[in-house]
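Commentary on secondary and tertiary structure
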Amino acid sequence: MLDKIKYFEEHPLLFGGNNEAVDPRDGLLLFGPYEKWGNQFDFNAFTISAGVIGTPIAIAKYKKFVQEIKKPIISIKRNKTGKLVSNELQRPSFPGFEAVFNILWPDEPELSIEIKPIEIQSIFQQEKKRKIRTNKIVDLYLDKINKATTGKDPNISIWFVLVPREVYDNCRTKKGFGTDFKQSTITFLEQIRGNEPALFSEEEMFGDELTKIFETSSDFHHLLKAKANQAKLPAPIQIIVEPKLEFRDIETNIPYGDDMKAFMSWSISTTIYYKLGKRPWKLASIRKGVCYLGLVFKKLPNKVHQQMVCSAAQLFLSDGDGTIFRGNNGLWYSEESHEHHLDKDEACNLLTLALTDYYESNNENYPNELFVHGRANFSEEEWAGFEKAVKDKGAETQLVGIVIKDKAPLKLFRDVESEKSDYGVLRGLAIIIDDTEAYLFTRGFIPRLNTSSSMETPNPLHIKVARGEAKIDLVLKDIMALTKLNYNTCIHGDGKPVTLRFSDNIGSILTATDQWKEERRQFRFYI
């Protein structure tokens, strides 16, 4: 077994001036972001035009937050004896937003929209049903944005939606007070939608508003993103729960230490920069013409259609940018195998969308290699659909199916006698089973940080080349690289590749409303 253990080094990233670094924070600090406004040496070539919506108190907190995040934040913490010490290695200091990204972020928003606290409180008092409550609060925010921008051209580059802790606590799926709908209501709707005779239409019995709400999500984040995309709100949304504006923990409201303030500032700044339309970094030394497709399956949010599942896919190019494709709803879940599988037509449809998008955005060229990442083995019918899409396009794309499972029942322990071993296995260590199967530790000890990314002995990813042909070493190297493309945070490396990291959230957004007609494809509108 020992001769089949192999270490994969961290994949380098590209930053400003095509300079390389392994940790995103090192690269941004030394070289700045990969994509910039203006020429390489232009100063402050772009100014954030922020739209902010929240209560008056929240908007005041936002302005102070912007002031703070533009200042340097030195990473220090108290050790076990209470002494202040540097935590520079594990959580690097943050130089300030404008210093890192070389763009201006004014304290004053371009457009401020106030929500009176009583408007939110009255919804909580009146609506005990979680879905109704969530829908009304989401509509409150979006209606005010629409009214403030209709007939005007505020040229907003990003919206900051400031959310009270009360909304965070009580407008999430199965969180907070209240319920969704009674089982009797669900059963009755199930019967009439199953073509059983009814005296009146759904709208007459329940009201048009309630019928529409029934098909939606009870999660504020997912529903807001879904309705904003549906309404084609021009700028991406950044939701911030109010305690975060004061650098406090959302759950406990305890203030962050300076090292955690620096960590949070790196992460939210990277997210904002990406949502503004620029990549803070990209992968270095990636093969030309390779792309990765992550499959997404999500059950519809109501119990009436509990067997119906939405299919979707995320396409990631070697440059790090992502695109979302929504497929059709169908009976994609098998009670027998407890796995999701597409039929031939839907598999062909999804991959056709991805190939067409790649072709249109890459000078009318199809990819040389396309790796399909899924959580379950690909069925014969499913794979035949993928192959048909490639054939119908006349592409010469090499198609490879990779199954990635995050609950591998394997532990690896270091056997040391004279060395103190606190942190276990290295991130990047792999156990090669054969030419098509391996275990890869994407969590573990990171020498650059001198600590582990896992709070306990980590589990590896189980990776298998299930369809097509590819060298297992190449597959593992690619997956390690894809763990470094999470622009929603700023860390050394994630535990999952980006093809699977956001699949649940994206599926939840795509199924948050049944009124979805033409979805936005840019990944930055979903995170």
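Residues numbered from 1 in each chain as written. Predicted model: local features only at pLDDT ≥ 70, side-chain atom pairs only at ≥ 80, totals over all residues. Heavy atoms only, no water.

1. Some details on the layout of surface pockets
Our working rule: Cavity: a set of points on a 1 Å grid over the protein atoms alone where a 1.4 Å probe fits but cannot get out. Pocket: an open set with protein on both sides within 12 Å along at least five of seven lines, its lining residues, like those of a cavity, having an atom within 4 Å of a point. Grid points are joined across faces, edges and corners, and a volume is the space filled by probe spheres set on the points. Where helices and strands are cited, they refer to DSSP runs of H or I of at least four residues and of E of at least two residues respectively, numbered from the N terminus. Each residue receives one of three labels: charged for Asp, Glu, Lys and Arg, nonpolar for Ala, Val, Leu, Ile, Met, Phe, Trp, Tyr, Cys and Pro, and polar for the others, Gly being one of them.
Taken as a whole, the largest pocket spans an internal volume of roughly 1100 Å³. Elements with a minimum of two residues in the lining of the largest pocket: helix H6 (165-170), helix H10 (220-230), strand S9 (237-241) and helix H12 (258-275). Tallying contributions element by element places H12 first for the lining of the largest pocket, with seven residues. Here the lining of the largest pocket is composed, by residue class, of 19 nonpolar, nine polar and seven charged.

2. Some thoughts on the pairing of strand S11 (residues 290-299)
The two faces of the sheet receive side chains in turn, since in a regular strand these alternate between them. Selection rule: Accessibility here uses a 1.4 Å probe with only protein chains present; expressed as a share of the type maximum, an area under 20% marks a residue as buried, one over 50% as exposed, and anything in between as partly exposed. Two strands are counted as paired when DSSP detects at least two bridges linking them.
Taken across its ten residues, S11 has eight buried, putting it largely inside the fold. Pairing analysis gives nine bridges linking S11 to strand S12 (residues 309-317), with the strands arranged antiparallel. Within S12, the residue paired with Cys-291 across the bridge is Leu-317.

3. Observations concerning the sheet that holds strand S3 (residues 20-21)
Taken together, three strands build an open sheet; the order of strands is S3-S2-S10 and the sheet is antiparallel. Whereas interior strands pair on both sides, the edge strands pair on one side only; in this sheet they are S3 and strand S10 (282-283).

4. Observations regarding the side chain of His-341
Worth spelling out the cut-off: Pairing of N or O atoms within 3.5 Å defines a polar contact, subject to two protein rules: one partner must be a possible hydrogen donor and the other a possible acceptor, and residues neighboring in sequence count only if both atoms are side-chain atoms.
Within the secondary structure, His-341 sits in the loop between strand S15 (339-340) and helix H13 (344-361). Accessibility expressed as a relative area gives 16% for His-341, which makes it buried. Polar contacts involving the side chain of His-341 include one to the side chain of Glu-382, which spans 3.0 Å.

5. So, the pattern of salt bridges
Rules: We count a salt bridge whenever a side-chain nitrogen from Lys or Arg sits within 4 Å of a carboxyl oxygen from Asp or Glu.
Tallying each qualifying case throughout the model produces 24 salt bridges. For Glu-10, the salt bridge is made with Arg-427, and the minimal N-O distance between the two is 2.6 Å. Of this pair, Glu-10 sits in the loop between strand S1 (5-7) and strand S2 (13-14) while Arg-427 is found in the loop between strand S17 (398-405) and strand S18 (429-432), placing the two residues 417 residues apart along the sequence. Like Arg-427, Glu-10 is buried. Residues Arg-287 and Glu-369 are paired through a salt bridge, measuring 2.9 Å at the closest nitrogen-oxygen approach. With Arg-287 in the loop between S10 and S11 and Glu-369 in strand S16 (residues 369-374), this residue pair connects regions lying 82 residues apart in the sequence. A relative accessible area of 24% means that Arg-287 is categorised as partly exposed.

6. Regarding unusual backbone geometry
Residues other than glycine seldom take positive phi values, yet Asn-18 does so here, at roughly 60°. As for its position among the elements, Asn-18 is in the loop between S2 and S3. For Asn-18, a relative accessible area of 53% puts it in the exposed group. With a phi close to 60°, Asn-102 is a non-glycine residue in the positive phi region. Counting through the fold element by element, Asn-102 comes out in the loop between helix H3 (97-101) and strand S7 (111-114).

7. Let's talk about the pairing of S18
Going residue by residue along S18, you find Leu-429 and Ile-431 tucked away on one face and Ala-430 and Ile-432 tucked away on the opposite face as well. Judged from the three bridges that link them, S1 and S18 form a sheet pairing that is antiparallel. If you follow Lys-6 over to S18, its bridge partner there is Ala-430. Here S18 runs beside strand S19 (residues 437-440); their pairing, made up of three bridges, is antiparallel. In the strand pairing of S19, Ile-431 is matched with Tyr-439. Between the antiparallel neighbours S18 and S19 lie four residues.

8. Structural notes on the packing of aromatic side chains
Test applied: Note on aromatic pairs: the rings of Phe, Tyr and Trp (six-membered ring only in Trp) are paired at centre separations within 6.5 Å, and the planes decide the class, stacked below 30 degrees, edge-to-face beyond 60, tilted for the rest. Only lysine NZ and arginine CZ atoms are considered, and such an atom sits over a ring when it is within 6 Å of the ring centre and within 35 degrees of the ring normal.
In this structure the tally under the stated criterion is 21 aromatic pairs. Considering the side-chain rings of Phe-97 and Trp-105, the 5.0 Å spacing of their centres and the 70° angle between planes classify their relative orientation as edge-to-face. Overall, Trp-105 belongs to the buried group, its relative accessible area being 1%. The ring of Tyr-168 is capped by Arg-172, whose NZ or CZ atom sits 4.0 Å from the centre of that ring. Against the face of Phe-247 rests Lys-261, its NZ or CZ located 5.1 Å from the ring centre.

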